[in-house]
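Here's the letter readout for the chains.
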Amino acid sequence: MKMKHNIAKSATAPDMSGGSPAFTLPPLPYAKDALEPYISVRTMDFHYSKHHQTYVDNLNKLVAGTPWATGCPLEKVILESAGKADKTAVFNNAAQVWNHTFFWKSMMQGGGGLPAGRLLEMIEKSFGSFDEFKNAFLAAAAAQFGSGWVWLVQDGGAVKIVSTSNADTPMTQGQTALMTCDVWEHAYYLDYQIRRKDFVKAFLNYLVSWKFASSQLK
Ligand code: MN3
């Protein structure tokens, strides 16, 4: 007797191999060696091409067949999945896609130095001085237990430093992110091993794009 080969069709997950994925990895705003020697090409190869890409790929698998797969802005996916116990994986991957894209924009070749005009005034008003802001940012990065992010955010008329764990992102608290530093170990381990503080010092002194941070002010 001949066996019939029936190929079961999935009820929920359409085959996406023929179509274009809902979300794609945004291009890096600079070459992979642009942030050397503070962030190596090797780190960028892993961090951007592997970690960031994997969050994009996972998100596409998770949203396949849902309304989130058809032209939905990433921010909407993040806000709609935040705090929902059955949507944790969607939130984690969507937020990590957004956080990393924002992190790359938060840096530039020849960054660091002082912010300009209004942002500098807001930092001085909120922290007392720019140096006090830097110390507070470094302290927040050192104090973050495990994986997470340190952010400068605008909250109403003030700016503040916020730490988030894992994939958490300030937009779920109604705060406007101005810039961020990734303090997951994969962000710095190849270049700095356990010296997270040295990585964050390099970020503040040589990499942070105050131009980008200012452009995010409301
Ligand atoms: Mn990362």
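Preceding this paragraph is the structure being described.
Cut-offs used in this document
- Residues numbered from 1 in each chain as written.
- Predicted model: local features only at pLDDT ≥ 70, side-chain atom pairs only at ≥ 80, totals over all residues.
- Heavy atoms only, no water.
- Helix = DSSP H or I, 4+ residues; strand = E, 2+ residues; numbered from the N terminus.
- Buried < 20%, exposed > 50% of the residue type's maximum accessible area, 1.4 Å probe, protein only.
- Contact = heavy atoms within 4.5 Å.
- Areas by Shrake-Rupley, 256 points an atom, 1.4 Å probe, with all protein chains shown as cover.
- Lys, Arg positive; Asp, Glu negative; His and termini not counted.
- Charge placed at Lys NZ, Arg CZ, Asp CG, Glu CD.
- Donors = N, O, S within 2.8 Å, 3.2 Å for Na, K, Ca; no water.
- Phe/Tyr/Trp six-rings, centres within 6.5 Å; stacked < 30°, edge-to-face > 60°.
- Pairing = 2+ DSSP bridges.
- Axes fitted to C-alpha atoms, helices over the stretch in contact; angles between N-to-C directions.

(A) Geometry of the overall build of the chain. The secondary structure content of the chain amounts to 8 helices and 3 strands. Listed N to C, the secondary structure of the chain is α-α-α-α-α-β-β-β-α-α-α in terms of helices and strands. Along the longest, intermediate and shortest principal axes, the C-alpha atoms of the chain span 80 × 35 × 30 Å. For the chain, with 218 residues in total, the buried portion stands at 45%. Partitioning the intrachain contacts of the chain with sequence separation of at least 6 by distance along the chain shows that 70% fall at a separation of at least 24. Total accessible area on the chain stands at roughly 11600 Å², and carbon and sulfur atoms take up 55% of it. In the chain, 21 positive and 18 negative side-chain charges are present, and the distance between their average locations comes to 7 Å.

(B) Seen up close, the coordination of the manganese ion. For the manganese ion, the full set of protein donor atoms is His-47 (NE2), His-100 (NE2), Asp-182 (OD) and His-186 (NE2), at a range of 2.0 to 2.2 Å. Every donor residue of the manganese ion comes from the same chain, spaced as H-x52-H-x81-D-x3-H. With respect to class, Asp-182 is no different from His-186; both count as buried.

(C) Representation of the packing of aromatic side chains in the model. Tallied over the entire structure, the rule returns 18 aromatic pairs. Between Phe-103 and Trp-104 the ring centres are 5.2 Å apart and the planes differ by 40°, which places this aromatic pair in the tilted class. Judged by its relative accessible area of 2%, Trp-104 falls in the buried class. When the ring of Tyr-188 is compared with that of Phe-199, the centres are 5.6 Å apart and the planes differ by 25°; the resulting orientation is stacked. Placement of the pair is Tyr-188 in the loop between strand E3 (176–182) and helix H6 (189–192) and Phe-199 in helix H7 (residues 196–207), with a sequence separation of 11 residues. Like Tyr-188, the residue Phe-199 is buried in the burial classification.

(D) A look at the pairing of E3. Taking burial as the measure, the 7 residues of E3 include 7 buried ones, the bulk of the element. With 6 bridges joining them, strand E1 (residues 148–155) and E3 adopt antiparallel strand pairing. Its bridge partner lying in E3, Gln-154 is registered against Thr-176.

(E) A look at the sheet that holds strand E2 (residues 158–165). Taken in spatial order, the 3 strands of this open sheet run E2-E1-E3, and their pairing is antiparallel. Two strands bound the open sheet, and with one partner strand each, they are E2 and E3. Neighbour to neighbour, the strand axes of the sheet diverge by 25° on average, direction disregarded. Both E1 and E2 contribute to a ladder of 8 bridges, which runs antiparallel. Counted as the bridge partner of Val-150 is Ser-163 from E2. Of the strands in this sheet, E1, E2 and E3 touch helix H4 (residues 117–127), which is tilted by about 75° from E2.

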